[in-house]
Amino acid sequence: MRGNNRGSGRPQDPNSYEQVIQIKRVSKKTKGGSLVSFAALVVTGDKKGQVGLGLGKAPNVADAIKKAVRLANRNLVKIPVVKGTIPYQVKEKFGAAHIILKPAPSGTGIIAGGSIRSIVEAAGITDIVSKILGTNNKLSNSYATFKALKSVEALSTKHEYLKKYQAENK
């Protein structure tokens, strides 16, 4: 059997999770005609609390996805997952997108639509309730969700520092 040793181009980590949220065909008018390229929005994660979001642009789809994955892996956020959910309710705005993320009791599942579901799955969150308000734009909703998860990370680190400080000063 020949041809079975072909790789996928890069080593695949069994713990990693990648999902393409959106691929857009972008056209630009130039002096010589139209220049066509592609923009890929990709979410990566380890399903253990780390998640990243990347937007790659290239002349073909495969290169755009590779670039988006590389940018997403460079832009990782560590989220505290407590009993399969986030520890705090978060409301976040990015452009016209308004996102609400609420913690949910175990067994609820992921009640999320559109791009929020992909990002939350990549983070390893199993129970969450969310709502998209404002726009249906996947890019804006993805960035708003990522910003909300970053704020959860910031809140949890502040909470940990506060606990340490109070324990030291007692």
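This text gives an overview of the structure that appears in the document. This is a predicted model, so every value here is computed, not measured. (Residues numbered from 1 in each chain as written. Predicted model: local features only at pLDDT ≥ 70, side-chain atom pairs only at ≥ 80, totals over all residues. Heavy atoms only, no water.)

1. Observations regarding the overall build of the chain
Argument step 1. A count of helical and extended segments in the chain gives three helices and eight strands.
Argument step 2. Going from the N terminus to the C terminus, the chain shows its helices and strands as β-β-β-α-β-β-β-β-α-β-α.
Argument step 3. Within the chain, buried positions represent 35% of all 170 residues.
Argument step 4. Restricting the contact set of the chain to residue pairs at least 6 apart, pairs at least 24 apart contribute 56%.
Argument step 5. Total accessible area on the chain is roughly 10500 Å²; 53% of this is exposed by carbon and sulfur atoms.
Argument step 6. Counting 29 positive and 10 negative side-chain charges, the chain places the averaged centre of each group 10 Å from the other. (Helix = DSSP H or I, 4+ residues; strand = E, 2+ residues; numbered from the N terminus. Buried < 20%, exposed > 50% of the residue type's maximum accessible area, 1.4 Å probe, protein only. Contact = heavy atoms within 4.5 Å. Areas by Shrake-Rupley, 256 points an atom, 1.4 Å probe, with all protein chains shown as cover. Lys, Arg positive; Asp, Glu negative; His and termini not counted. Charge placed at Lys NZ, Arg CZ, Asp CG, Glu CD.)

2. Things to note about the sheet that holds strand β6 (residues 97-103)
Argument step 1. If you trace the four strands from one edge of the open sheet to the other, you get β5-β6-β8-β7, paired in mixed fashion. Of all the strands in the sheet, the pair left with one neighbour each is β5 (90-94) and β7 (110-111).
Argument step 2. Sheet topology places β7 next to strand β8 (residues 128-133); two bridges connect them, and they run parallel. When the bridges of β8 are listed, Ile110 appears paired with Ile128.
Argument step 3. Across the sheet, helix α3 (residues 138-168) lies against β5, β6 and β8, angled at about 135° from β5, the strand it touches most. (Pairing = 2+ DSSP bridges. Axes fitted to C-alpha atoms, helices over the stretch in contact; angles between N-to-C directions.)

3. With respect to the sheet that holds strand β1 (residues 17-30)
Argument step 1. Pairing is antiparallel across the open sheet formed by four strands, whose spatial order is β1-β2-β3-β4. Looking at which strands have only one partner, the edges of the open sheet turn out to be β1 and β4 (76-78). Ignoring which end each strand starts from, the neighbouring axes of this sheet average 15° apart.
Argument step 2. Contacts between helix α2 (residues 115-123) and the sheet are confined to β1, β2 (33-45) and β3 (50-58), with β1 contributing the most and set at about 135° to the helix.
Argument step 3. Lying on the sheet, α3 is in contact with β1, β2, β3 and β4; it crosses β3 at an angle near 150°.

4. So, the environment of Phe94
Argument step 1. By the element assignment, Phe94 lies in strand β5.
Argument step 2. Residues Phe94 and Tyr165, 71 residues apart in the sequence, show an inter-C-alpha distance of 33 Å.

5. Details of the pairing of β3
Argument step 1. Both β2 and β3 contribute to a ladder of eight bridges, which runs antiparallel. Bridged to Gly45 within β3 is Val51.
Argument step 2. Pairing of β3 with β4, which is carried by three bridges, proceeds in the antiparallel orientation. Within the sheet, the bridge partner assigned to Val51 lies in β4 and is Val77.

6. Details of the packing of aromatic side chains
Aromatic rings considered in pairs are described by the distance between their centres and by the relative angle of their planes.
Argument step 1. All chains considered together, the criterion is met by one aromatic pair.
Argument step 2. When the centroid spacing of 5.4 Å and the interplanar angle of 40° are considered together, the rings of Phe94 and Tyr143 count as tilted. Residue Phe94 is found in strand β5, and its partner Tyr143 is found in helix α3; the two are separated by 49 residues along the sequence.
Argument step 3. A residue is classified by how much of its surface remains accessible, and Phe94, at 34% relative accessible area, is partly exposed. (Phe/Tyr/Trp six-rings, centres within 6.5 Å; stacked < 30°, edge-to-face > 60°.)

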